[in-house]
Amino acid sequence: MIKFTIITLFPEAVEPYLKTSMMWKATEKSLAEFKLVNLRDFGLGPHKSVDDTPYGGGDGMLLRCEPVFAAIESVKEKDPDAKVILPTPVGEIWNQSTAREFAIDSGSRPAGPSPRAAGANSRAAALRNTPNQNTNSHYIILCPHYEGYDERILSIVDYKISLGKYVLTGGELPALIIIDSVVRLIPGVLGGEKSAEIESFSDGDNLEYPQYTRPEDFRGMKVPEVLLSGNHGEIAKWRDTHSGKV
Ligand code: ADE
């Protein structure tokens, strides 16, 4: 079972996605668990303030250490092994292999040790401040907002992850992307052929080829002849040559 606790000022923006489609199915099947923690609950003073102006001057407000540490510590109190992810545009770029490593780290690989999985584990460990022996992984995703965060928050973070070289207004969308891309790789979430392929935790990234369904001819755009041929060898060859690496 993989667990994600999302610490956010906007739980209402995150919750609907986790209650929909595959993410919901994953929780229904007890393959994943999602918890939301409202950072505001840990705010300071009567206004539950979570941010303040930067020392040295400058525009905008920064997330303060106290509410963030208190929120993370409240989760770690129950699960000291939980690892903290900070979505940030200056983090390590997230990709399909990293998502797979997190899924493998969650103990979701098929029975029996595999050198490939061990390699992935040690790579994932190398990305962290501390090695992970978990088979039941719990990730806390801290979603920063406003213009940034106090740098000392990094001392409690295990992974800094960037979704790409662009800047978003907060960590909620990156959190959902990280969760979705990991959870869909957990055997049993997607079901069928797709998950079987993923269960093998093959090297390299998934191959994606163009696919078609009915009708055979839509406004003059025809399904490639080979896909209608019933010749599985030729179909496999066609798919192989038309595949793109994710
Ligand atoms: N927060 C703001 N922009 C981001 C990005 N590109 N990736 C991850 N977190 C972010």
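Residues numbered from 1 in each chain as written. Predicted model: local features only at pLDDT ≥ 70, side-chain atom pairs only at ≥ 80, totals over all residues. Heavy atoms only, no water.

**Student:** Even after reading the chapter, I still don't get the site of the ligand, so can you show me in this structure?
**Tutor:** The full set of residues close to the ligand is Pro87, Thr88, Pro89, Ile161, Ser162, Leu163, Gly164, Tyr166, Val167, Leu168, Gly170 and Pro174. Backbone polar atom of Leu163 to a nitrogen atom of the ligand: 2.9 Å apart, as the coordinates give it. A distance of 3.1 Å separates a nitrogen atom of the ligand from a polar atom in the backbone of Gly164. When the ligand sits alone it has 260 Å² of accessible area, and the protein chains cover 95% of it. Of all the secondary structure elements, the ones that give two or more residues to the shell around the ligand are strand S5 (83-93) and strand S7 (159-162). The greatest single-element share of the shell around the ligand, amounting to three residues, is contributed by S5. Of the residues belonging to the shell around the ligand, the class tally is eight nonpolar, four polar and no charged. (Near = heavy atom within 4 Å. Polar contact = N/O pair within 3.5 Å; in protein donor to acceptor, adjacent residues only side chain to side chain. Areas by Shrake-Rupley, 256 points an atom, 1.4 Å probe, with all protein chains shown as cover. Helix = DSSP H or I, 4+ residues; strand = E, 2+ residues; numbered from the N terminus. Nonpolar A, V, L, I, M, F, W, Y, C, P; charged D, E, K, R; others polar.)

**Student:** Help me understand a nonpolar patch on the surface, please; the structure alone is not making it clear to me.
**Tutor:** Residues Tyr166, Leu168, Leu173 and Ile177 make up a contiguous nonpolar surface patch of about 380 Å² in total accessible area. One can find Leu168 in the loop between S7 and helix H6 (172-183). (Patch = residues over 30% accessible without salt bridge, like charges linked within 9 Å, V, L, I, M, F, W, Y side chains within 5 Å. Salt bridge = Lys/Arg side-chain N within 4 Å of Asp/Glu carboxyl O.)

**Student:** Just checking my understanding: could you explain unusual backbone geometry for this structure?
**Tutor:** The general pattern is negative phi for most residues beyond glycine and trans for most peptide bonds. Arg214 connects to Pro215 through a cis peptide bond whose omega is 5 degrees. Counting through the fold element by element, Pro215 comes out in the loop between strand S8 (207-208) and strand S9 (217-218). The residue Lys48 is not glycine, and still its phi comes out positive at about 55 degrees. Structurally, Lys48 can be placed in the loop between strand S2 (32-38) and strand S3 (51-52). The backbone of Arg219 sits at a positive phi, close to 50 degrees, despite the residue not being glycine. As for its position among the elements, Arg219 is in the loop between S9 and strand S10 (221-222).

**Student:** Which parts of the structure should I look at to understand the packing of helix H1 (residues 11-18) against H6?
**Tutor:** If you want to describe how two helices pack, look at the angle between their axes and the distance between the axes. Contact geometry of H1 with H6 gives a least axis separation of 10 Å together with a crossing angle of 25 degrees. As the angle between them shows, H1 and H6 are arranged roughly parallel. Where H1 crosses over H6, the two elements pack in a sense that is right-handed. Contacts from Ala13, Val14, Tyr17 and Leu18 in H1 reach Glu172, Leu176, Ile179 and Asp180 in H6. Its residues placed into classes, the contact of H1 with H6 shows six nonpolar, no polar and two charged. (Axes fitted to C-alpha atoms, helices over the stretch in contact; angles between N-to-C directions. Parallel < 35°, antiparallel > 145°, perpendicular 65-115°, else oblique. Left-handed = near helix turned anticlockwise from the far one by under 90°. Contact = heavy atoms within 4.5 Å.)

**Student:** I'm lost on the nonpolar core in this one. Help?
**Tutor:** Generally speaking, a soluble globular protein has its nonpolar side chains buried in company with each other. Residues Phe4, Ile179 and Val183 are the most contacted members of the largest nonpolar core, which totals 29 residues. At the level of elements, strand S1 (2-8), H1, helix H2 (21-28), S2, helix H4 (96-108), strand S6 (138-142), S7 and H6 are the ones that each hand at least two residues to this core. Considering every element that reaches this core, the biggest residue donor is H6, with six residues. Residues within four places of Ile179 in sequence aside, it is in contact with Phe4, Ile6, Leu18, Met23, Phe34 and Ile141. (Core = buried A, V, L, I, M, F, W, Y, C linked by side-chain atoms within 4.5 Å. Buried < 20%, exposed > 50% of the residue type's maximum accessible area, 1.4 Å probe, protein only.)

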